[in-house]
Amino acid sequence: MSATIRKLVLAYSGGLDTSVILQWIRDHFGCEVVAYCADVGQGDETEGLERKALSTGASKLYVEDLREEFAREFVFPMMRANAVYEGYYLLGTSIARPAIARKQVEIALREGADAVAHGATGKGNDQVRFELTFARLAPQLTVVAPWRHPAWPFKGRADMIAYAAEKRIPVPVTAEKPYSMDCNLVHVSYEGGVLEDPWREPYADMFRLTVAPEDAPDQAEYVEIEYLRGDPVAINGEELTPAAIIERANQIGGRHGIGRVDLVENRYVGIKSRGVYETPGVTMLLHAHRAVEQLTLDREVMHLRDGLVPRYAEMVYNGYWFAPERESLQALADEAQRHVTGVARLKLYKGTVSIAGRKSGDSLYDPAMASFEQAGGYRQADAEGFIRLNGLRLRALAEIEKAKK
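Residues numbered from 1 in each chain as written. Predicted model: local features only at pLDDT ≥ 70, side-chain atom pairs only at ≥ 80, totals over all residues. Heavy atoms only, no water.

A count of helices and strands for the chain gives 13 helices and 14 strands. When its C-alpha atoms are laid out on the principal axes, the chain stretches across 85 × 55 × 45 Å. For the chain, buried positions account for 48% of its 405 residues. Working note: accessible area of the chain is about 20,500 Å², and carbon and sulfur atoms make up 51% of it. In the chain, the 49 positive side-chain charges and the 57 negative ones have mean positions that sit 3 Å from each other. (Helix = DSSP H or I, 4+ residues; strand = E, 2+ residues; numbered from the N terminus. Buried < 20%, exposed > 50% of the residue type's maximum accessible area, 1.4 Å probe, protein only. Areas by Shrake-Rupley, 256 points an atom, 1.4 Å probe, with all protein chains shown as cover. Lys, Arg positive; Asp, Glu negative; His and termini not counted. Charge placed at Lys NZ, Arg CZ, Asp CG, Glu CD.)

Now the structure itself:
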């Protein structure tokens, strides 16, 4: 394999793992390594990252600001489908990986690289998400996954720290955190370490985006979110870009303790994993979106779409963002959003989100029809035949059961 790889693009953060991986790839394959760091809203400092990458053996470093395209082309389409995995998880890490991998492929093709590499382990979902994206967008590229490579010599963090010291790799040598953390525009996720005990409550000081609900303000806050064809476009009357919408919602929801989730989930590779998530902004946006849909979506369209949401969410979670089945479901979800335009008013209070109002110029809701006080064009006598027809099969079943007795 090493003879066929002349140049490789590595997804690089500058931390211990990817710094060691960069040097190890140089040692093992003897190829040129181009480092690539994606900003999807994690807020990590990039100052000094180029110097670190170059001193570790990279020929150059790309730092790409993907926040707006991540929000517009990945998060918003997913939100139009109301995707939630296993009832709780709003897919923050899952949706970031195809965005990162797509740009990595673009850089690899621009650089004339033969291969791409990532630092995901062989136990997790991220390896699948990266590599399925590579397979769809650039199947000609060789994929290097060091943690699965037979020549990979490291068993854990201690081995990697020793290797970094031997090779004089500039990484901070600190005690291992009691958990691992991943952050982007959508959420912060925590897993591993002490969190591997599903009975153990997360540390109170662990969370970064949200205050504890019990410490949130004693006064409720009302927020208005405006939607246009299924996408949020303004908060409290202020129009914002997609990334800025999520950031503003994170700020508002975070101060009220919105969006904390503790979940034991089923990984695609077959392992159950405990993850703790805080997703304040997207939690608010999901409730607001549902509120506008209540007024504007046809009943059968809503029920059809909702029946497919678990399948759609599973596709995103498992890494099939660029697969034809996800794209087909996306077309259905987007078609359903043509009239989802309006404003939702939310009430935030100590970790809870409730819908306080909704309005739309495309509303299918008819107050006169719904009212108990007036007919509004509805003939109540028509319900008798409707009920009788729908009860025919139940009456037939009752007669059969009666005869058997």
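What follows picks up the thread again.
Pairing within the open sheet is antiparallel, and its 4 strands lie in the order β6-β7-β12-β11. Whereas interior strands pair on both sides, the edge strands pair on one side only; in this sheet they are β6 (180–183) and β11 (260–266). Averaged over all neighbouring strand pairs, the angle between strand axes comes to 25°, with direction disregarded. One ladder, built from 4 bridges, connects β6 with strand β7 (residues 188–191); its direction is antiparallel. Residue D182 lies in a different strand from β7, and its bridge partner there is S189. (Pairing = 2+ DSSP bridges. Axes fitted to C-alpha atoms, helices over the stretch in contact; angles between N-to-C directions.)

Spatially, the 5 strands line up as an open sheet ordered β10-β9-β8-β13-β14, and their pairing is antiparallel. Each edge of the open sheet carries a strand with a single partner, namely β10 (238–239) and β14 (352–359). Strand direction decides the pairing type here: strand β13 (residues 342–349) and β14, joined by 7 bridges, are antiparallel. Considered in β14, the bridge of A344 is made with R358. Across the sheet, helix α7 (residues 242–254) touches β8 (221–228), β9 (231–235), β10 and β13, and the angle it forms with β9 is around 60°. Of the strands in this sheet, β8, β9, β13 and β14 are in contact with helix α8 (residues 280–296), which crosses β13 at around 135°. (Contact = heavy atoms within 4.5 Å.)

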